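Spelled out, the chains give:
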Amino acid sequence: MRYFELFAIPVDYNIDLATINKHYLELQRAVHPDRHASSSSRDKLLAVQSAAEINDALQTLKHPVKRAEYMLSELGVDIRAEQQTLQDPLFLMQQMELREELEELENAADPDAAIAQFEAQIKQLDKQYSSELAAQLASSDEQQWQAAADNIRKLKFVYKLREELERIEDSLFDD
Amino acid sequence: MALLQIAEPGQSAAPHEHKLAVGIDLGTTNSLVATVQSGEARTLTDLAGNAMLPSVVQYQADSIVVGEQAAAAATQDPANTLISVKRFLGKTQAEIEKSYGQLPYEFCEHDGSLAISTVAGAISPVTASSEILKTLKQRAEDSFAGQDIMGAVITVPAYFDDAQRQSTKDAAELAGIKVLRLLNEPTAAAVAYGLDSGQEGIIAVYDLGGGTFDISILRLHQGVFEVLATGGDSSLGGDDFDSLLVDYFKKQTGVSELSASVLRLFINKAKACKEALSQYQTVNVGLEFDGQSHKVEVTRETFDELALSLVKKTLRSCRRAVKDAGIENEEVLQVVMVGGSTRMPIVRSQVAAFFDKEPLTSIDPDRVVALGAALQADVLVGNKPDSDMLLLDVLPLSLGLETMGGLVEKIIPRNTTIPVARAQEFTTFKDGQTAMSLHVLQGERELVDDCRSLAKFSLKGIPAMAAGAAHIRVTFKVDADGLLSVSAMEKSTGVQAEIQVKPSFGLSDDQVANMLKESMTNAKDDMQARMLKEQQVEALRVVEALDASLATDSALLDEQELGALKAEIAKLVAVRESATTPTEIKAAIEAVDNASSEFAARRMDASIKKALQGQSVDEV
């Protein structure tokens, strides 16, 4: 778990964002290319690489889905590039219904209220699929990892919905 | 501390001697140069005491005039007097015509990139920009009795794309300026304000210049200026407000077809009228041309009505930036106004209403960017070794690749903190396919046609395999200047795919090198001598940097390693003195670079470990 080590935080799906942000700034203060502006070109290249890696680590650790995928891949289960589709008809059915609902939002009598209501549903789903992740990823049982992988795949759907919702919110604002 | 420092021959006697570094605001309408003296940033003036250099270059058959004098010639000689060329950097003729309508120039193509026909030949926007930079460089050197400039921080609009940034850097190279950093204008302004006020929290920088608009949301915390989000429009600025007035003049006078010089007259009058309206409620504009005489009355109310839609456009960018930053309007502690165009009352009142806060204008909006850039340059050149200032900027526009059906797949989303590196894997879709072409784009839209084309790459030499078997890993890297580079590799065989870069806009490296050569011969300058001097300065920099590193971290090397490195450094010091060609020094610098690479890597590791010392896992 190199990223956790890099940021000097415990390997745990539940992170302390304030500590991560604080340590991030300390790390950048040490490696950022601007701190090496008068060094040789080789040093500068090294600084750019290190700073980019720290930025990448931050993005990964901060994002709930990326963080889970990263932890899982470090355990030997890499699902980041998989093409596999989800085998859960019930879940997929629910997703289709939610998508239809999403498309109707723009025509709702009170779009603001409809968006807020939909947002609450997304939050509920997010909670449902991420609540077990911390325990699953901390486990040494491979079956738990597979269960985590399944939760992450579902979370990805939920995050896509959230993105779509934001796009719709934007377009409603922009008239 | 020793009272007397004894230096070896060839070594600088005072390693912490103040170095001349400048901040340059290369603006659409005006440009400025500033430097830090006795801890304070100040703009440098010309002999007449003016800090602002109009960004105007007049080309004559055998001379080039820059600044005020060139601006004065604009109405008589519109075709050869290049104004607001910054708007043309990294653009095509079609884009320029679409954005700016009628212009008094004759565009042409020169070596496959955009140029303007003048009596002195085809002039590219990069060349014209380099003339402005040369003038500012000269001003700085004259201000300090001919002392050489060690480097410059040059500001660019935050919303500049890769082609526009690269063009700016090319212009600096042409002017013989070492670019320490391209710095985003709003970030520079934030530095000037932040260091001045010492306040911490979230600030918004609203920067409306002559030709560009930026909005940046930053978090200030213990010397760190962290850009959370940025947005804007790289072709919206004061010039567009002028052009609204030009249209209004046309309507009022009933004159629709304007010659180049009358158009320039209208634009100048429009600019003056706009500026006067920031002070007065009503302005009478006299337009005299071709034997005609017209008087047009413009009230502030009329102007505000004309301008409102443009101002609203900037506010939409503000809303998106606030949202991208993941904050609410109320969390914005201060709103900083930058750029001459923020003097317009309609802009101030609309921005105040949007953020529900009276915007700050305590530092001259024309100078604040140059001052901030000078402060950053001072740190980068090493004049303030104890400074804890750090600027963390973001990528303004998403980077992506063209995929099937003319769609863009985003590889790095906008507002990602830079520097950043991201890799994406692709595969072949035909058996035995050995080449692949990739199209790099920048922008937020889904269709290729709606995004900015940055470059087209051909990957050749992919080993022949069954369709889908080759895994080509394309890596995008964006450095701290916001500049992109791309590399590619076939994974299973490790074959580094050959990349051909063809910039869609701007100039290729060869073109820049050629222009540099041409400009040298034209100026009857001795290119060899200049390059030798550049390498001598570079060698000195390398030696000083290594000496400083060795002074603190030599323990990271064993005796043998240390001896080998010191020997290479000593060689470089000697070569620097004795060399008669730049290549000799260059080779010696490379040797030192190679000898010090392990040392550099160990130092970086050590500094990462040290950064979080005492914050180990158990203590958290």
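Fair warning: this is a prediction, and the values are worked out from it, not measured in the lab. (Residues numbered from 1 in each chain as written. Chains lettered and ligands numbered in written order. Predicted model: local features only at pLDDT ≥ 70, side-chain atom pairs only at ≥ 80, totals over all residues. Heavy atoms only, no water.)

1. Focus: the overall build of chain B
Piece 1. Secondary structure summary: chain B contains 15 helices and 27 strands in total.
Piece 2. What you see for chain B is a C-alpha radius of gyration of 26 Å, in line with the 25 Å of a compact globule of 620 residues.
Piece 3. Split into buried and exposed, the 620 residues of chain B put 52% on the buried side.
Piece 4. A separation threshold of at least 6 residues defines the contact pool for chain B, and within that pool the share at least 24 residues apart is 67%.
Piece 5. Summing over all exposed atoms, chain B offers an accessible surface of approximately 27500 Å²; the carbon and sulfur share of this is 49%.
Piece 6. When the 58 basic and 86 acidic side-chain charges of chain B are each reduced to a single mean position, those positions are 3 Å apart. (Helix = DSSP H or I, 4+ residues; strand = E, 2+ residues; numbered from the N terminus. Rg over C-alpha atoms; globule rule 2.2 N^0.38 Å. Buried < 20%, exposed > 50% of the residue type's maximum accessible area, 1.4 Å probe, protein only. Contact = heavy atoms within 4.5 Å. Areas by Shrake-Rupley, 256 points an atom, 1.4 Å probe, with all protein chains shown as cover. Lys, Arg positive; Asp, Glu negative; His and termini not counted. Charge placed at Lys NZ, Arg CZ, Asp CG, Glu CD.)

2. So, the domain arrangement of chain A
Piece 1. Per the domain assignment, the segments making up chain A are domain 1 (2–62) and domain 2 (89–174).
Piece 2. If you average the C-alpha positions of domain 1 of chain A and of domain 2 of chain A, the two centres end up 30 Å apart. (Domains from an automatic or database assignment.)

3. Observations regarding the packing of aromatic side chains
Residue and element names in this part refer to chain B.
Piece 1. This structure, assessed with the given rule, holds 12 aromatic pairs over all chains.
Piece 2. Centroid distance Phe88 to Phe107: 5.5 Å. Interplanar angle 80°. Geometry classified as edge-to-face. Placement of Phe88 in the loop between strand 7 (81–83) and helix 2 (93–100) and of Phe107 in strand 8 (residues 107–110) is noted, with a sequence separation of 19 residues between them.
Piece 3. When its relative accessible area of 1% is taken as the criterion, Phe88 is described as buried.
Piece 4. Geometrically, the ring pair formed by Phe249 and Phe266 is edge-to-face, given 6.2 Å between the ring centres and 75° between the ring planes. (Phe/Tyr/Trp six-rings, centres within 6.5 Å; stacked < 30°, edge-to-face > 60°.)

4. Brief notes about the sheet that holds strand 10 (residues 121–123) of chain B
Residue and element names in this part refer to chain B.
Piece 1. With respect to topology, 3 strands assemble into an open sheet ordered 8-9-10, the strand pairing being antiparallel. This sheet does not close on itself; its edge strands, each paired only once, are strand 8 and strand 10. Strand-to-strand twist across the sheet, computed as the mean angle between neighbouring axes with direction ignored, equals 50°.
Piece 2. One ladder, built from 3 bridges, connects strand 9 (residues 113–118) with strand 10; its direction is antiparallel. When the sheet's bridge partners are listed, Thr118 is paired in strand 10 with Gly121. (Pairing = 2+ DSSP bridges. Axes fitted to C-alpha atoms, helices over the stretch in contact; angles between N-to-C directions.)

5. A word on the interface of chain B and chain A
Piece 1. Opposite the 40 residues of chain B that make contact, chain A presents 42 residues.
Piece 2. Both sides together, the interface formed by chain B and chain A hides about 3700 Å², and carbon and sulfur atoms give 58% of it.
Piece 3. When residues of chain B are sorted by the area they lose upon contact with chain A, Pro419(B), Met604(B) and Leu612(B) head the list and together hold 16% of the total.
Piece 4. If you look at where chain B meets chain A, you find 3 salt bridges.
Piece 5. Its salt-bridge partner being Arg603(B), residue Asp43(A) comes within 3.8 Å of it at the nearest N-O pair.
Piece 6. Along the contact surface separating chain B from chain A lie 8 residue pairs in polar contact (both at pLDDT 80 or more).
Piece 7. A total of 8 residues in the side of chain B that touches chain A trace back to one element, the largest contributor, which is helix 15 (residues 597–611) of chain B.
Piece 8. Across the side of chain B that touches chain A, the residue classes tally to 20 nonpolar, 9 polar and 11 charged. (Buried area = accessible area lost by both parts, 1.4 Å probe. Salt bridge = Lys/Arg side-chain N within 4 Å of Asp/Glu carboxyl O. Polar contact = N/O pair within 3.5 Å; in protein donor to acceptor, adjacent residues only side chain to side chain. Nonpolar A, V, L, I, M, F, W, Y, C, P; charged D, E, K, R; others polar.)

6. Structural notes on a negative patch on the surface
Residues and elements named next belong to chain A.
Piece 1. Together, Glu97, Glu100, Glu101, Glu103, Glu104 and Glu106 give the surface a local cluster of negative charge.
Piece 2. Turning to its location among the elements, Glu106 is positioned in the loop between helix 5 (89–104) and helix 6 (111–130).
Piece 3. The class of Glu106 is partly exposed, set by a relative accessible area of 40%. (Patch = residues over 30% accessible without salt bridge, like charges linked within 9 Å, V, L, I, M, F, W, Y side chains within 5 Å.)

7. What to know about the sheet that holds strand 5 (residues 56–59) of chain B
Each strand in a sheet pairs with another by means of backbone hydrogen bonds, the pair being arranged parallel or else antiparallel.
Residue and element names in this part refer to chain B.
Piece 1. The strand order across the open sheet formed by 3 strands is 6-5-7, and the pairing between neighbours is antiparallel. Either end of the sheet is taken by a strand with one partner, and the two such strands are strand 6 (64–66) and strand 7. The sheet shows a mean angle of 20° between the axes of neighbouring strands, direction not considered.
Piece 2. Where strand 5 and strand 7 come together, 3 bridges link them in antiparallel fashion. Bridge assignment links Val57 to a residue of strand 7, and that residue is Leu82.
Piece 3. Relative to the sheet, helix 3 (residues 125–143) contacts strand 5, strand 6 and strand 7, its axis offset from that of strand 5 by approximately 110°.

8. Topic: the packing of helix 6 (residues 238–253) of chain B against helix 7 (residues 260–277) of chain B
Residues and elements named next belong to chain B.
Piece 1. Where helix 6 meets helix 7, the axes come as close as 8 Å, and the angle between the chain directions of the two elements is 110°. Classified by the angle between their axes, helix 6 and helix 7 sit roughly perpendicular to one another. Helix 7 is crossed by helix 6, and the crossing has right-handed handedness. Seen from helix 6, the contacting residues are Gly238, Asp239, Phe241, Asp242, Leu245, Val246, Phe249, Lys250 and Thr253; seen from helix 7, they are Leu263, Phe266, Ile267, Lys269, Ala270, Lys271, Cys273 and Lys274. (Parallel < 35°, antiparallel > 145°, perpendicular 65-115°, else oblique. Left-handed = near helix turned anticlockwise from the far one by under 90°.)

9. Quick look at unusual backbone geometry
Piece 1. The amide bond that connects Ile418(B) to the next residue, Pro419(B), takes the cis arrangement and shows omega of 0°.
Piece 2. Within the secondary structure layout, Pro419(B) lies in the loop between strand 21 (407–412) and strand 22 (420–427).
Piece 3. Although it is not a glycine, Ala8(A) sits at a positive phi angle of roughly 55°.
Piece 4. Since its relative accessible area comes to 9%, Ala8(A) is described here as buried.
Piece 5. Unusually for a residue other than glycine, Ala145(B) sits at a positive phi of about 45°.
Piece 6. By secondary structure assignment, the location of Ala145(B) is in the loop between helix 3 and strand 11 (151–156).

10. Quick look at the side chain of Ser216(B)
Residues and elements named next belong to chain B.
Piece 1. Note that Ser216 resides in strand 14 (residues 213–221).
Piece 2. Take Ser216: its relative accessible area is 1%, and that puts it in the buried class.
Piece 3. Within polar-contact distance, the side chain of Ser216 engages the side chain of Thr230 at 2.8 Å.
Piece 4. With near-sequence residues (within four places) excluded, Ser216 lies in contact with Ala158, Pro186, Ile203, Ala204, Val205, Ala229 and Thr230.

11. Let's talk about the UniProt feature "domain: J" (unreviewed entry) in chain A
Piece 1. As annotated in UniProt, the feature "domain: J" (unreviewed entry) corresponds to residues 2–74 of chain A in the numbering used here.
Piece 2. Across residues 2–74 of chain A one finds 73% helix and 0% strand; the C-alpha atoms that close the span lie 9 Å apart. (UniProt positions renumbered as here; feature names shortened; annotations may be inferred.)

12. A look at helix 9 (residues 345–355) of chain B
Residues and elements named next belong to chain B.
Piece 1. Among all positions in helix 9, only Ile346, Val347, Gln350, Val351, Ala352 and Phe355 are buried.
Piece 2. In the core, the buried residues of helix 9 are packed alongside strand 13 (201–208), strand 14, helix 8 (300–324) and strand 18 (332–338).
Piece 3. In the stretch just after helix 9, Asp356 is the one whose phi turns positive, near 55°.

13. Points about the environment of Ile412(B)
All names here are of chain B.
Piece 1. Its place among the elements puts Ile412 in strand 21.
Piece 2. The exposure class of Ile412 is buried, given its relative accessible area of 0%.
Piece 3. Here the alpha-carbon distance between Ile412 and Leu397, two residues 15 residues apart in the chain, equals 8.8 Å.
Piece 4. Discounting chain neighbours no more than four positions away, the residues touching Ile412 are Leu395, Ser398, Leu399, Val420, Arg422, Phe476 and Val478.

14. What to know about the pattern of salt bridges
Residues and elements named next belong to chain B.
Piece 1. Under the criterion given, the structure shown has 39 salt bridges over all chains.
Piece 2. With a shortest N-O distance of 3.1 Å, Asp148 and Lys533 are connected by a salt bridge. One end of the pair, Asp148, is in the loop between helix 3 and strand 11; the other, Lys533, is in helix 12 (residues 527–553), and 385 residues separate them in sequence.
Piece 3. On the accessibility criterion, Lys533 (42% relative accessible area) is partly exposed.
Piece 4. With a shortest N-O distance of 3.7 Å, Arg576 and Glu577 are connected by a salt bridge.
Piece 5. On the accessibility criterion, Arg576 (18% relative accessible area) is buried.
Piece 6. Under the relative-accessibility criterion, Glu577 is labelled exposed at 53%.

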